[in-house]
Amino acid sequence: MNQALSLSKVFISFCLLFTTLFSHAQKQGNIVEYFGKEKIEAINEGSVMHLFKNGLILKIPRFGFSSETVPHDPLVAMMLVIDELDFIPGEQVLLDGETFTWEKISVGEKNDFNDPGLRAGYLYLEYDSPKAQTVLFEASGHTMCLINGMPHEGDHYDYGWQLIPVRLKKGKNKFLLTGGRFPRMRARLLSASSPVQFTLRDMTLPDLLVEKNAPLWGAVRVMNLTQKTFTGGSISCQIGNQKETTEIPAISALNIRKMPFLIPNPENLSHDAPVDAVLQLKDQKGKVLASDTIQLYAKSFHKHHKQTFISDIDGSVQYYSIAPSSNPDLDKPALFLSVHGASVEAVNQANAYKQKDWGHLVAPTNRRPFGFAWEDWGRLDALEVLDHSEKLLATDPQHTYLTGHSMGGHGTWYLGATYPDRFAAIAPCAGYPDLLGYRDSFVKRMKDRPESDFAHFGMTKTEFMERTKPKTFENENTLMMDSIIRRAGNPSRTLKLKRNYLHYGIFVLHGEIDNVVPTFIAREMREILGKYHNDFTYYEYPEGTHWYGDHSVDWPPIFDFFKARSIKATDEIKKIEFYTGSPGVSSGSHFIDILQQEVPFAISSFNFKRTEEAINIASKNAQTLVIDLQKMKPETDVLFIDDQKMFMPTGETIMYLKKEGADWKSITKPSKKEKGPHRNGGFKDAFRHNVVFVYATQGSKDENEWYYNRAKFDAEKFWYRANGNIELIPDTAFDPKDYPDRNIILYGNKQNNGAWNLLLETCPIQVSNNQININGKLLDGDQWGSYFTYPRQDSDFASVGVITATGVKGMKAAYANDYLVNGTRFPDVMIFDDGMMREGLSGIKCSGFFGNDWSVEKGDFVWR
């Protein structure tokens, strides 16, 4: 996993590198913070029982991105497979054909390990416990860790947030930490003051609103350090004499969840004043287990403030920030969706804007300051916030606009291309259109850098250029395997969707001497747009760097540009060009949608033209279409689709069309059991719809321990990366009727997870001990693992995501969870052996997509 970090780290690495190399970035204003939040140092959950002062470091010369399709980490693989593996100073390790040596390392004055090799290397620690005991492992600066062979999420951004409840064994306990964003790591063991308690690290809180009195949502993390599930608890929040009490769901053993709770919003609050609130955690008998005082702020609804809401993705509390219109009496105000850059809090994004007299500015979080570069769950967050704020602020959907800075400039290009009919105009500021293109531009720039700049990576310039050469494949089959996995990333390939920009006007703003997102990237986009687009403005701010003050985003000509543009009424639209990589991500525009593709996750499109005589649609890679005739309001019943003449039904509001061979036919509404925008696959799509993790308990002791910890690892990662709140339940407690229309992630196989037959009895992929059966094709042995997604048969839209294996080797092979970071690609199905974690792509046995009927026979698969 550490060998090929996600593309979300590309931008972060570049910001860090170019700030270091060129010292050009001006951190003025209140928005750009290249080095993250202020780190949490205080300990309020207990006391330090052990500070790790000595360890071993393995320095690996590499950088925070890779062009590999399938990540791998041979050192983590060794630690997972060989329980008795220890490391000593001077010991050599062979990784990817190169030999590296473990060296001693000790902490400095600040009690952290500090060495440039920690950015991409490993830190190995040991602790000899006098007894079996439960502790909190607090570490920072690492991407992930193995604790006695079990994987856990790290604290890559060095916030000081991460606490891991761990049951130490008597004797030697081993910790392997993988490299993070900085050249420093800290690790210590804490003795908790209480077995069930709050931690106030990483709270999500709203602003209290002077003009309102409805309760508001907040979220606080609750730690369960016991070896039993904590149930029946509640959180009360009291401000003055007003109290709200919220029952909280179960917290599984040795786990931490970020729990939603209601906050009273009293009347007669003072503007901009701090307000103390008392939180109490109680058990099912009403006994107080923890009590803390937190501080909130009272704001006017008509001034900059934060709103919170419950996300449909996972039931977590998320926030967004608003710069409301300076005119509170507006009828149908405009909405400006502003997406932030890497490390920027949404509240700072909104604060960079002065209030506008004709609309409200709304800044979503991307789920975190770094988040998902506005892809994957960052994309879903932007959509949730857009929908929530439109209702809250009663805005005019014909006057919705999109802008953003830096990573948010990428988000503007990407979201604008993905949902082109939602916006009347877009304005990317200091942005790059495509993450892969941004990475490639970095490699091109490094060709001209002096030798001294490459010491940052721990390698020479020659070694750097060799390592970044395009990958070649030993045979056509490997190339095909690589290609079908990469195809799953097409929804994020912004420039493949570039003609969607014809929907609206574009204002491109960029600093003249920006070296973080180099100005030539904006100039390339100017050249691209100039070849086909007739409504865009391009402006380079003279002597502007990456950030040159609040006018880097709050640039008056942008809002003048916006004000002159609106989304047309649907019956006035004469032409539409629309492109998508997956109907499950984005299916259509205005009144035409692509429901199904011929080739899954290849680019699909339609070109619509309206005349008085006929409606013309030219399609590519579209299997099924739907036309909303009521919205389109055609003036004729004649339809030409791919030059085939048809007649639209009179008196009908909806028309469904399906391509059979070379001919299009009018059909009835497709079954929800088939693929469509509601459920189109790609494994990552399973992690939404208030997702629940169901882990195996009916296997061996080792299997049960692994699958529970494996589920917990995913929950930890989704909390850290996505501000998430995931419910973990054992298979024995799962009843589909108790979790209707919710996505399920199932950990285990048919024999050790009792929920398998409840959810996957009809699935063409069946996994049991020592065998995978893929529609009659058998793979025998205990080395096989798989990720796949399949519909819940009792729901019209919910899915099951499966993390499964045929035995211990396969379980360990499926340890990595890069599917929870952006820039990674996962088709419907991946089947692999234990070689994947050591070697990457060569360990993949099969990958591909189910057919539109969710069958293997009509699917698209590559076998090795």
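Residues numbered from 1 in each chain as written. Predicted model: local features only at pLDDT ≥ 70, side-chain atom pairs only at ≥ 80, totals over all residues. Heavy atoms only, no water.

1. Considerations on the pattern of salt bridges
Oppositely charged side chains may form a pair once their charged atoms are brought near each other. For the record, the criterion: By definition, a salt bridge exists where a carboxyl oxygen of Asp or Glu is found within 4 Å of a side-chain nitrogen of Lys or Arg. Secondary structure elements are taken from DSSP: a helix is a run of H or I of four residues or more, a strand is a run of E of two residues or more, and numbering for both begins at the N terminus. Residue exposure (1.4 Å probe, protein chains only): buried if accessible area is under 20% of the type maximum, exposed if over 50%, otherwise partly exposed.
As enumerated under the stated definition, the model contains 36 salt bridges in all. A salt bridge links Glu153 to Lys717; the shortest N-O distance between them is 3.1 Å. With Glu153 in strand β9 (residues 150-153) and Lys717 in helix α12 (residues 701-722), the pair connects residues that are 564 residues apart, well separated along the chain. A relative accessible area of 1% places Lys717 in the buried class. In this structure, a network of salt bridges that share partners links the residues Glu41, Glu45, Glu138, Arg186, Arg188 and Arg201.

2. Structural notes on the sheet that holds strand β6 (residues 122-129)
Let me state the cut-off plainly: Strands are labelled as partners when DSSP assigns at least two bridges between them. Simply put, an axis is a line fit to the C-alpha atoms, just over the touching stretch for a helix, and the angle between two N-to-C directions goes from 0 to 180 degrees. Any two residues whose heavy atoms approach within 4.5 Å at even a single point are treated as in contact.
Strand order in this open sheet of 7 strands is β3-β4-β2-β6-β11-β8-β9, and the pairing throughout is antiparallel. The outermost strands of the open sheet, each flanked by one partner alone, are β3 (92-95) and β9. If you compare each strand with its neighbour and ignore which way they point, the axes differ by 30° on average. Bridge analysis of β3 against strand β4 (residues 98-106) gives 4 bridges, and the strand direction is antiparallel. In the strand pairing of β4, Leu95 is matched with Glu98. Relative to β3, helix α2 (residues 74-81) is tilted by about 115°, and along the sheet it contacts β2 (54-58), β3, β4, β6, β8 (144-147) and β11 (171-178). Along the sheet face, α12 touches β8 and β9 and points at about 10° away from the line of β9.

3. Regarding the pairing of β8
For a regular strand, side-chain orientation follows a simple rule: the groups alternate between the two sheet faces. Because side chains alternate across β8, one face comprises the buried residues Met144 and Leu146, and the other comprises Cys145 and Ile147, equally buried. Here 4 bridges tie β8 to β9, and the two strands are oriented antiparallel to one another. Bridging across to β9, Leu146 finds its partner in Pro151. Linking two consecutive strands that pair antiparallel, namely β8 and β9, is a turn of 2 residues; a positive phi of about 50° is found at Asn148 within it.

4. Re α12
The condition is simple: To estimate the expected span of a helix, count its residues, drop one, and scale the result by 1.5 Å.
Over its 22 residues, α12 extends 31 Å from the first C-alpha to the last, a length consistent with the 32 Å expected when each residue adds 1.5 Å. α12 sits mainly inside the fold: 19 of its 22 residues count as buried. Note on α12: the residue one or two positions beyond its end, Asn723, has a positive phi of about 50°.

5. What to know about the confidence of the model for the protein chain
The condition is simple: Confidence scores per residue from the predictor, reported as pLDDT, run from 0 to 100.
Here the protein chain shows a mean pLDDT of 93. Residues at 70 or above account for 95%. Every residue in residues 1-36 is under pLDDT 50, and counting partners more than four places away or in other chains gives 128 contacts.

6. Digging into a positive patch on the surface
Spelled out, the test is: Patch rule: a residue counts if its relative accessible area is over 30% and it has no salt bridge; like charges are joined within 9 Å, and nonpolar side chains (Val, Leu, Ile, Met, Phe, Trp, Tyr) within 5 Å. Note that accessible areas follow from Shrake-Rupley with a 1.4 Å probe, and for residues the cover is restricted to the protein chains shown. When charges are counted, neither His nor the chain ends are considered; positive counts come from Lys and Arg and negative counts from Asp and Glu. In this description, the location of a charge corresponds to atom NZ of lysine, CZ of arginine, CG of aspartate or CD of glutamate.
Side chains of Lys568, Lys574, Lys575 and Lys609 sit close together on the surface and give a patch of like positive charge. For Lys609, a relative accessible area of 43% corresponds to the partly exposed category.

7. What to know about unusual backbone geometry
Phi at Asp642 takes a positive value of approximately 50°, unusual for a residue other than glycine. By secondary structure assignment, the location of Asp642 is in the loop between β35 (638-641) and β36 (644-647). Looking at Asp642, the relative accessible area reads 26%, which means it is partly exposed. One non-glycine residue, Asp643, lies in the positive phi region at around 70°. Turning to its location among the elements, Asp643 is positioned in the loop between β35 and β36.

8. Considerations on the sheet that holds strand β32 (residues 604-610)
Taken together, the 5 strands give an open sheet; going across it, the order is β29-β32-β33-β35-β36, and neighbouring strands pair in mixed fashion. At either end of the open sheet lies a strand with only one pairing partner, and these are β29 (575-580) and β36. The sheet shows a mean angle of 20° between the axes of neighbouring strands, direction not considered.

9. Let's talk about the packing of aromatic side chains
Using the following cut-off: Aromatic pairs are defined between Phe, Tyr and Trp rings, using the six-membered ring for Trp, whenever the two ring centres lie within 6.5 Å; interplanar angles under 30 degrees are classed as stacked, those over 60 as edge-to-face, and all others as tilted. For a ring to carry a charge above it, either NZ of a lysine or CZ of an arginine must fall within 6 Å of the ring centroid while also lying within 35 degrees of the normal to the ring plane.
For the structure on display, the rule yields 54 aromatic pairs. The interplanar angle of 75° and the centroid separation of 4.9 Å between the aromatic rings of Phe336 and Trp358 together place this pair among those described as edge-to-face. With a gap of 22 residues between them, Phe336 in strand β23 (residues 334-339) and Trp358 in the loop between α3 (346-351) and β24 (359-363) connect regions that are remote in the sequence. Under the relative-accessibility criterion, Trp358 is labelled buried at 16%. Measuring from centroid to centroid gives 5.4 Å for Phe687 and Tyr819, while their planes differ by 20°, and the two rings are stacked. With Phe687 in the loop between β38 (663-667) and β39 (692-695) and Tyr819 in the loop between α14 (808-813) and β47 (829-832), this residue pair connects regions lying 132 residues apart in the sequence. When its relative accessible area of 1% is taken as the criterion, Phe687 is described as buried. For Tyr819, a relative accessible area of 0% corresponds to the buried category. Among the aromatic residues, ring-to-ring pairing joins Phe372, Trp377, Phe683, Phe687, Phe693, Phe718, Tyr747, Tyr787, Tyr819, Phe826 and Phe832 into one connected group. Lying over the aromatic face of Phe559, Lys356 brings its terminal NZ or CZ to 4.4 Å of the ring centre.

10. Here's the deal with the nonpolar core
Basically, it comes down to this: In plain words, nonpolar cores are sets of buried Ala, Val, Leu, Ile, Met, Phe, Trp, Tyr and Cys residues tied together by side-chain atoms within 4.5 Å.
Counting 69 residues, the largest nonpolar core has Leu75, Phe87, Trp102, Leu176, Phe687, Phe693 and Ile844 as its most contacted members. Top element by residues in this core is α12. It accounts for 8 residues. Residue contacts for Phe693: discarding those within four places in its chain leaves Phe687, Ala711, Asp714, Ala715, Ile726, Glu727, Leu728, Ile729, Ile745 and Tyr747. Within the second largest apolar cluster, 49 residues are counted, among which are Phe309, Phe423, Val508 and Val585.

11. Considerations on empty space enclosed by the protein
Here the idea is plain: a probe the size of a water molecule rolls over the atoms and shows the empty space left. Put simply, the rule reads: Only protein atoms enter the 1 Å grid, on which a cavity is a set of points fitting a 1.4 Å probe that cannot get out and a pocket is an open set with protein on both sides within 12 Å along at least 5 of 7 lines, lining residues being those with an atom within 4 Å of a point. Grid points are joined across faces, edges and corners, and a volume is the space filled by probe spheres set on the points.
Applying the stated rule across the entire model yields 6 cavities of 30 Å³ or more. Taken as a whole, the largest cavity encloses approximately 340 Å³ of empty space. Looking at the largest cavity, it is lined by 26 residues, and the ones nearest its centre are Asp376, Arg379, Ala488, Val585 and Lys684. Here the element with the most residues in the lining of the largest cavity is helix α4 (residues 377-393); it accounts for 3 residues.

12. Topic: a negative patch on the surface
Together, Asp571, Glu572, Glu612, Glu613 and Glu635 give the surface a local cluster of negative charge. Inspection of the secondary structure puts Glu635 in the loop between α11 (629-632) and β35.

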